[in-house]
Amino acid sequence: MSGRKRILVVHGPNLNLLGEREPDVYGELTLEVLNKQIRDYATSRNLDVVFFQSNHEGAVIDFLHENRKKADGLVINPGALTHYSYALRDAIAGIRIPAVEVHLSDIHAREAFRKISVIREVCIGQIGGLGTDSYLRGIDRLLSFFSEGA
Ligand code: DQA
């Protein structure tokens, strides 16, 4: 792939309700505003970004399959799929695109079931607890992978 790099930013189940969903945990920002902040940052780093959100595991997997040859990197907040979706894990492993797992909240400081990520091992990094900045630091992680290959 030549020219500008393109990244996918994927939000899993329930992230469409950002802003009204448990604002004490996830903040007051809507998904639309979050995506704008991500796009502004990506653009400032000379990246094209394609967004996707779904509440359906299979739709997330289909999106990854369909875009596997059209993208250089993936930033994904899998929502609760993080904790149990071996199908999503296999999809990320299978598409051979560097992926960073991100979370708005700190999954290691919450309920026990959230501390487990079945996605982590197929990603080049896991970033959480920083709100919007988790996504921006996820982009930084991809950028260093692009420049260093590591
Ligand atoms: C989340 C954390 C998950 O445990 C939860 O199921 C979510 C959001 C986060 O961004 O902090 O839906 O991924």
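Residues numbered from 1 in each chain as written. Predicted model: local features only at pLDDT ≥ 70, side-chain atom pairs only at ≥ 80, totals over all residues. Heavy atoms only, no water.

Trainee: So what exactly am I meant to see when it comes to the site of the ligand here?
Mentor: Every residue close to the ligand is listed here: Arg21, Tyr26, Asn77, Gly79, Ala80, His83, His103, Leu104, Ser105, Ile107 and Arg114. Within the side chain of Ser105, one N or O atom sits 2.6 Å away from an oxygen atom of the ligand. Judged by its atoms lying within 2 Å of the grid points, the ligand is housed in the largest pocket. (Near = heavy atom within 4 Å. Polar contact = N/O pair within 3.5 Å; in protein donor to acceptor, adjacent residues only side chain to side chain. 1 Å grid on protein atoms, 1.4 Å probe; cavity = no way out; pocket = protein on both sides within 12 Å on 5 of 7 lines; lining within 4 Å. Sits in = over half its atoms within 2 Å of the grid points.)

Trainee: Help me understand the pattern of salt bridges in this model?
Mentor: Opposite charge on two side chains lets them pair, provided their charged atoms get close. For the structure on display, the rule yields 7 salt bridges. A salt bridge links Arg45 to Asp140; the shortest N-O distance between them is 3.6 Å. Of this pair, Arg45 sits in the loop between α2 (31-44) and β2 (47-53) while Asp140 sits in helix α6 (residues 132-148), and the two are 95 residues apart along the sequence. With its nearest N and O atoms 3.8 Å apart, the salt bridge here joins Glu111 to Arg110. With relative accessibility at 37%, the residue Glu111 sits in the partly exposed group. Connected through shared salt-bridge partners, Arg45, Arg137 and Asp140 make up one network. (Salt bridge = Lys/Arg side-chain N within 4 Å of Asp/Glu carboxyl O. Helix = DSSP H or I, 4+ residues; strand = E, 2+ residues; numbered from the N terminus. Buried < 20%, exposed > 50% of the residue type's maximum accessible area, 1.4 Å probe, protein only.)

Trainee: How should the side chain of Ser105 be read in this particular structure?
Mentor: If you trace the backbone, Ser105 turns up in the loop between β4 (99-103) and α5 (112-115). Classification of Ser105 as buried rests on a relative accessible area of 9%. Leave out the neighbours within four places in its chain, and Ser105 touches Val25, Tyr26, Arg110, Gly128 and Gly129. (Contact = heavy atoms within 4.5 Å.)

Trainee: Hey, could you run me through helix α4 (residues 86-95) in this one?
Mentor: Those residues of α4 that fall on the buried side of the exposure criterion are Leu88, Ala91, Ile92 and Ile95. What you see down the axis of α4 is that its buried residues fit within an arc of 95 degrees, all on one side. Pointing more than 90 degrees away from the buried face of α4 are the exposed residues Tyr86 and Asp90. (Arc of directions from axis to C-beta.)

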